[in-house]
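The chain contents come next:
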Amino acid sequence: MLLKRFPALVLLVFIPISLLAHGQDWGDAAVFVTSALAIAPLAIFLSRATEELALALGPTVGGLMNAVFGNATELIISLAALRQGLVDLVKASITGSILGDLLLVLGLAMLLGGLKYKEQSFEPIVVRVNGSSMTLAVTAIALPTIVINTSHVVDAQDITSLSIFVAVVLMLVYGLTLVFSLKTHSYLYDVCKAKQDPLLLADEGDGRSPLWVWVGVLLLATVGVAIESELFVGVVEEVIADWALTPLFTGVVLLPLLGDVSGYVTAVRVAMKNNMDLPVSVAMGSSLLVALFVAPVLVLVGQAMGQPMDLDFNPFEVITVAIAVFIVNLISLNGRSNWLDGTLLLATYAILAAAFYYHPA
């Protein structure tokens, strides 16, 4: 049953290969590639286990589980990079996760779903709520950058203090969005949930695995991601230097592709079953989780580790995230999508990725 549900299971062979590459000193490039390939299936297992446990534990506890583990892979990779002092890479990965969720995940779903069905519809409530929250998050994240770029001299401690304050506020806002969606206004999401649940469970003819199986999968996948992330981060500086890449491009484009592979698979699979509610929920909910929870957590953990992690992003990163939020809100507010909408989102992502590749920072 697991083999049927997880075609990427075969990629798990790269876990022992990556460990062997590290232990036998096959070179940084070998460790980089094999650990990256090992993280991809582990991310799928981690995401699927979270979904199954969330469904089994009910809407409230399940919603909290999705809130904590929804972007666990990105968080684990970022924490490993933060421990190595790769602060610029971590900041870039935050930007990349948001851009990937909004433009790449949603773009692929709208394009491939639109090629099969002339037009698809989804509940606009998710777009309205998450769109407003994302606008707040982008504004809050941009403030430290704006302060620095509009002031002649800014004390580093002041930027740190401002970042910590903003991080706490963003986490409070995220908590309130959970209360809104799971408790006080859960009825607004009932239609979306009714459409999503059968697809999350759907594997025609297969029985449900026991709960303890998914608990074990969750624990093992988390440990596996942590181990492989350490291997990946341990060689990333040397590899990007050898390949003439920048930390900015690596963090914005390459790292999110590893951490959110399950999001791409789920969004495309469900969109091609003529249900756009789940892809929209996955894309916007995941980007919101990164902006309102993952980024603030990394700021607070970085300060606890003694790493200078703050919300002083590259101005170009802030601008690109604002562009992505604006375009997605513009395309999605009417609650309908087609293949051209997906093409526009993917074209925007491709142009931004090329811009980050040639960006000198």
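Residues numbered from 1 in each chain as written. Predicted model: local features only at pLDDT ≥ 70, side-chain atom pairs only at ≥ 80, totals over all residues. Heavy atoms only, no water.

If you check an unreviewed UniProt entry, the chain appears there as Ca(2+)/H(+) antiporter from Thermoleptolyngbya oregonensis NK1-22. As recorded by UniProt, the Sequence similarities (unreviewed entry) comment attached to the chain reads in full: "Belongs to the Ca(2+):cation antiporter (CaCA) (TC 2.A.19) family." The chain has a UniProt comment under Function (unreviewed entry) that states "Ca(+)/H(+) antiporter that extrudes calcium in exchange for external protons." (UniProt positions renumbered as here; feature names shortened; annotations may be inferred.)

> Explain unusual backbone geometry to me, using residue names and the numbers behind them.
In this structure, A244 takes a positive phi of about 60° despite not being glycine. Mapped onto the secondary structure, A244 falls in the loop between helix 10 (211–242) and helix 11 (247–259). The phi torsion at N274 lies on the positive side, around 65°, for a residue other than glycine. Within the secondary structure layout, N274 lies in the loop between helix 12 (261–271) and helix 13 (277–305). (Helix = DSSP H or I, 4+ residues; strand = E, 2+ residues; numbered from the N terminus.)

> I'd like a rundown of the packing of aromatic side chains, residues and numbers included.
One pass over the structure, following the stated rule, counts six aromatic pairs. A ring pair is formed by F32 and F232, whose centres lie 4.7 Å apart and whose planes are at 25°; its orientation type is stacked. Of this pair, F32 sits in helix 3 (residues 28–57) while F232 sits in helix 10; the two residues are 200 residues apart in sequence, bridging distant segments of the chain. With respect to burial, F32 and F232 carry one shared label: buried. (Phe/Tyr/Trp six-rings, centres within 6.5 Å; stacked < 30°, edge-to-face > 60°. Buried < 20%, exposed > 50% of the residue type's maximum accessible area, 1.4 Å probe, protein only.)

> I'd like to hear about the environment of S93, residue by residue, with values.
Note that S93 resides in helix 6 (residues 87–116). Note on S93: relative accessible area 7%, which makes it buried. For S93 and L248, which are 155 residues apart along the polypeptide, the C-alpha to C-alpha distance reads 8.2 Å. A polar contact of 2.6 Å, which involves the side chain of S93, links it to the backbone oxygen of V90. (Polar contact = N/O pair within 3.5 Å; in protein donor to acceptor, adjacent residues only side chain to side chain.)

> Describe the side chain of Q307, with residues and values.
Inspection of the secondary structure puts Q307 in the loop between helix 13 and helix 14 (315–332). Leave out the neighbours within four places in its chain, and Q307 touches L82, R83, G85, V87 and G302. (Contact = heavy atoms within 4.5 Å.)

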